Amino acid sequence: MDSSHRRLSAQSQPSPYDDSYLEHGEASQAGPSRLQPGAQLTLMRYLQDLPDADIPVSDVPPRYHTGRLPNSKAGDGKPRLLLMGQRRSGKSSISSVVFHKLPPSETLYLETTTRIKKESMHSFMDFQVWDFPGHLDYFDPAFDVDNIFEEIGALIWVIDAQDEYLEAIMRLNTTILNLQHSYPNINVEVFVHKVDGLSEDYKGDTFRDIIQRVQDELSDHGYENAPVSFYQTSIYDHSIFEAFSKVIQKLIPQLPTLEALLNSLCSTCHIEKAYLFDIMSKIYIATDTSPTDIGSYEICSDYIDVVIDVSEIYGWDRPDDNDEKDDTSHSEIIEIGNNDAESLITMERKGNNYLYLREINKYLALICLMGDDSPAEKKAVIDYNVGVFQAALKQVFPRAERDVPLPEE
Ligand SMILES: Nc1nc2c(ncn2[C@@H]2O[C@H](COP(=O)(O)OP(=O)(O)OP(=O)(O)O)[C@@H](O)[C@H]2O)c(=O)[nH]1
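As annotated in an unreviewed UniProt entry, the chain carries the name GTP-binding protein and comes from Melanomma pulvis-pyrius CBS 109.77. Taken from UniProt, the Subcellular location (unreviewed entry) comment for the chain reads in full: "Endomembrane system". Checking UniProt for the chain, the heading Sequence similarities (unreviewed entry) contains the comment "Belongs to the GTR/RAG GTP-binding protein family."

Engineer: Help me understand unusual backbone geometry, please; the structure alone is not making it clear to me.
Structural biologist: Residues other than glycine predominantly adopt negative phi, and peptide bonds predominantly adopt the trans conformation. For lysine 101, which is not glycine, the phi dihedral falls at a positive 60°. Assignment of secondary structure puts lysine 101 in the loop between helix 2 (91-100) and strand 3 (117-122). Overall, the presence of 11 C-beta atoms within 10 Å leaves lysine 101 in the exposed class. A positive phi angle is found at histidine 270, which is not glycine, with a value near 55°. Taking the number of C-beta atoms within 10 Å as the measure of exposure, histidine 270 has 18 and is therefore partly exposed.

Engineer: Would you explain the nonpolar core in this entry?
Structural biologist: Side chains of nonpolar character tend, in soluble globular proteins, to be buried together. Formed by 87 residues in total, the largest nonpolar core has its most connected members in Ile156, Trp157, Ile159, Leu276 and Ile367. For this core, the element with the most residues is helix 10 (residues 379-396), which contributes 9 residues. Looking at which domains feed residues into this core, each of domain 1 (2-53 + 254-401) and domain 2 (80-249) supplies at least three. Ignoring sequence-local partners within four residues, the contact set of leucine 276 consists of Leu258, Leu262, Tyr284, Ile285, Ala286, Leu364 and Leu366.

Engineer: Explain the sheet that holds strand 6 (residues 187-193) here, please?
Structural biologist: Through backbone hydrogen bonds, the strands of a sheet pair up, either in parallel or in antiparallel fashion. Strand order in the open sheet made by the 6 strands is 3-4-2-5-6-7, with mixed pairing throughout. Here the strands that pair on one side only, and so sit at the sheet edges, are strand 3 and strand 7 (228-232). Between one strand axis and the next, the sheet turns by 20° as a mean value, whatever way the strands run. Across 7 bridges, the pairing between strand 5 (residues 152-160) and strand 6 is parallel. Bridge pairing in strand 6 places valine 158 opposite phenylalanine 191. Across the face of the sheet, helix 2 comes into contact with strand 2 (80-85), strand 3, strand 4 (126-131) and strand 5 while running at roughly 150° to strand 4.

Engineer: Which parts of the structure should I look at to understand helix 6 (residues 239-249)?
Structural biologist: Residues lying three or four places apart along an α-helix face the same way, a consequence of the helix completing one turn every 3.6 residues. With 9 of its 11 residues buried, helix 6 lies for the most part within the structure. Buried within helix 6 are the following residues: Ser239, Ile240, Phe241, Glu242, Ala243, Phe244, Ser245, Val247 and Ile248. In this structure, the buried residues of helix 6 make contact with helix 2, strand 5, strand 6, strand 7, strand 9 (283-287) and helix 8 (294-314).

Each value, and the rule that gives it
- Residues numbered from 1 in each chain as written.
- Predicted model: local features only at pLDDT ≥ 70, side-chain atom pairs only at ≥ 80, totals over all residues.
- UniProt positions renumbered as here; feature names shortened; annotations may be inferred.
- Helix = DSSP H or I, 4+ residues; strand = E, 2+ residues; numbered from the N terminus.
- Buried ≥ 20, exposed ≤ 12 C-beta atoms within 10 Å, placed from the backbone.
- Core = buried A, V, L, I, M, F, W, Y, C linked by C-beta atoms within 7 Å.
- Domains from an automatic or database assignment.
- Contact = placed C-beta atoms within 7 Å.
- Pairing = 2+ DSSP bridges.
- Axes fitted to C-alpha atoms, helices over the stretch in contact; angles between N-to-C directions.

So this is what it looks like as structure tokens:
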């Protein structure tokens with residue numbers, strides 16, 4: 001593995017409006033004045049759309065990737081994820097493994113949740129995770145239902161696939177039907193969980209059976225096309241991160257713009273697959289629109305672990321953008337010609353294929369699986385284009401640059 005770390009500098013950053021993705025093969029000529037007009041146009045097209053990216057014009061009521069949270073009345077962009085399901089179905093384990101890096105085997109010692117556990121996550125966007133005790137009946141008049149569901153981003157219903165699940169399905173359907181009048185747009189995400197202990201056949205059958213039962217009962221009650229998605233998950237592999245990625249992506253208003261930027265980067269640099277990862281949780285918040293397979297996600301996700309381990313040994317605190325830079329960082333910039341990168345690592349996979357990681361800001365990292373026709377010698381042009389992507393991302397996601405966490409609610 002070849003790794004290098006670079007520091008930020010206060011050296012002025014060329015405006016993204018002046019730059020563009022550089023066509024592959026022009027590494028030696030990198031510089032704003034050498035850009036091809038066509039290449040410039042590609043990026044300009046995306047950048048010109050940016051002011052509208054938050055709220056696309058549409059007659060369709062906002063849902064999914066349409067630029068607004070489904071139920072956010074305040075529109076403050078702080079969605080709430082509710083983890084619900086039967087006792088011992090694995091809710092607290094999911095939250096601890098994904099957001100607190102608890103090793104899966106240690107979830108065996110988690111105590112049962114007795115009251116609603118609310119946690120605020122401060123990352124590329126602020127969101128809250130509410131872990132509900134399994135036994136709670138939230139439609140009891142004693143509960144303020146509006147308070148629970150009003151600002152909800154997604155309702156994650158966890159079903160233990162290793163256990164009897166009929167009661168869990170019944171409660172899930174009751175919940176959906178109770179909510180559909182007041183909150184018809186809630187994204188219901190069903191995690192068919194603990195699938196690690198099941199044989200392939202049994203896993204598939206269980207999954208299909210659960211989907212069938214939920215859909216049948218909802219349509220019996222006249223509720224067709226309910227916004228319910230199903231995932232097979234386990235804390236013992238990457239599936240829980242993959243599922244959470246998809247849940248979170250539905251809550252990111254800028255997703256279409258992010259995907260467009262990644263598509264453009266991929267086609268310009270001959271990248272097979274690009275992921276924008278939240279470093280803290282290893283959730284990917286966007287990827288290009290080429291087909292995703294769990295294998296490439298796993299490679300990239302493991303790669304983040306490697307980077308985190310290496311940077312724990314060799315990393316250092318990143319200076320603020322406004323800080324005075326010392327002579328060392330200044331000389332690095334002159335030498336490298338790049339004042340954006342924090343860390344940059346390439347790793348040989350096989351032949352010409354390699355993985356490329358670049359820390360985009362404090363929260364996000366870009367990881368690319370490079371194609372055969374994008375050899376490592378062309379890395380300078382990729383660096384340049386990723387720099388342009390990074391600048392564009394600052395426009396799309398200014399929130400990600402924020403350093404100060406909001407106070408706990
Ligand atoms: N095999 C397997 N076990 C899991 C998985 N996720 C959680 N568990 C186990 O399931 C048990 C219950 O997990 P919890 O996270 O406490 O369940 P909970 O839904 O929060 O339970 P309550 O707090 O009682 O509502 C623990 O022993 C976990 O180790 C999984 O993906 N696979």
